[in-house]
Amino acid sequence: AQSVTQLGSHVSVSEGALVLLRCNYSSSVPPYLFWYVQYPNQGLQLLLKYTTGATLVKGINGFEAEFKKSETSFHLTKPSAHMSDAAEYFCAVRGIYNQGGKLIFGQGTELSVKP
Amino acid sequence: SQTIHQWPATLVQPVGSPLSLECTVEGTSNPNLYWYRQAAGRGLQLLFYSVGIGQISSEVPQNLSASRPQDRQFILSSKKLLLSDSGFYLCAWSSGQNTGELFFGEGSRLTVL
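These numbers were taken from a predicted model, which means no experiment stands behind them. (Residues numbered from 1 in each chain as written. Chains lettered and ligands numbered in written order. Predicted model: local features only at pLDDT ≥ 70, side-chain atom pairs only at ≥ 80, totals over all residues. Heavy atoms only, no water.)

Undergrad: Outline the overall build of chain B, listing residues and values.
TA: Summing up its helical and strand segments, chain B has zero helices and eleven strands in all. Along its sequence from the N terminus, chain B presents helices and strands in the succession β-β-β-β-β-β-β-β-β-β-β. Compactness check: chain B gives a C-alpha radius of gyration of 13 Å against a globular reference of 13 Å for 113 residues, within 12% of the reference. Counting over 113 residues, chain B shows a buried share of 49%. Pairs at least 24 residues apart make up 54% of the contacts formed inside chain B by residues separated by at least 6 positions. On chain B, roughly 5300 Å² of surface is accessible, and the fraction owed to carbon and sulfur atoms is 52%. Taking the average place of the 7 positive charges on the side chains of chain B and the average place of its 7 negative ones, the gap between the two points comes to 10 Å. (Helix = DSSP H or I, 4+ residues; strand = E, 2+ residues; numbered from the N terminus. Rg over C-alpha atoms; globule rule 2.2 N^0.38 Å. Buried < 20%, exposed > 50% of the residue type's maximum accessible area, 1.4 Å probe, protein only. Contact = heavy atoms within 4.5 Å. Areas by Shrake-Rupley, 256 points an atom, 1.4 Å probe, with all protein chains shown as cover. Lys, Arg positive; Asp, Glu negative; His and termini not counted. Charge placed at Lys NZ, Arg CZ, Asp CG, Glu CD.)

Put into structure tokens, the structure is as follows:
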């Protein structure tokens, strides 16, 4: 079974500051990991994903995440926050032997960006 | 290119009334299909998924049901809505590859009064 914990339901940063959104996962098998972004009253959009290979993954809009197996973490970062980054962010996990391809999501972290 | 459509976008229904939310995918064949619910202040809860026509897996016991009458159509239904059914419902599809991501529709906001 898999589960995801996102530390901090709300994160606030100043424009231009580092963004760090934390995600820890639990999985009995090697995981595939995903980060999604959701703007108000919209669906989810994929930011990036880790499947195999390089553990530092780059995504859209300047975001990146690093898979750390020893820490069971997949934290999302961006060097410099922009006002347009304000949204809700979801981390998700899927076990590599998962039937049906379903993703298990964390509770989400709402990112606010102050001018 | 592939697209996913959900409707209606917004729905206000009285308690005890029926529900039908529809989702269709275009530009692909034999997708995996999913219904998630997002309640206020919570994450996404997987309700149902389908790997083929007529094949429905339910993740949680509830007042809702799902059907897949055609390859690229996924329907979420209820015979009698409860207040607790209120939420934001998201349909998604994937190619079925285990490394593949889910692609989400724009969502349907249901308010049960």
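Undergrad: Which residues make up the interface of chain A and chain B, and what values do they have?
TA: Contact with chain A, which involves 26 residues of that partner, is made by 23 residues of chain B. With both chains or domains summed, chain A and chain B bury close to 1900 Å², and 47% of this area falls on carbon and sulfur atoms. In this assembly, chain A and chain B are joined by two salt bridges. For K102(A), the salt bridge identified is with E59(B), shortest N-O distance 3.2 Å. Here the residues of the side of chain A that touches chain B sort into ten nonpolar, twelve polar and four charged. (Buried area = accessible area lost by both parts, 1.4 Å probe. Salt bridge = Lys/Arg side-chain N within 4 Å of Asp/Glu carboxyl O. Nonpolar A, V, L, I, M, F, W, Y, C, P; charged D, E, K, R; others polar.)

Undergrad: Let's hear about the pairing of strand β5 (residues 44-52) of chain B: which residues, and what values?
TA: All names here are of chain B. Of all nine residues in β5, seven are buried, a share of seventy percent or more. Across six bridges, strand β4 (residues 32-38) lies against β5 in antiparallel orientation. Each bridged residue has a counterpart across the sheet, and for R37 the counterpart in β5 is Q45. Where β5 meets strand β6 (residues 55-58), three bridges bridge the pair, whose relative direction is antiparallel. For F48, the partnering residue across the bridge sits in β6 and is S58. Where β5 hands over to β6, the hairpin turn is made up of two residues, of which G54 adopts a positive phi near 75 degrees. (Pairing = 2+ DSSP bridges.)

Purely geometric stuff here, so don't read any function into it on its own.
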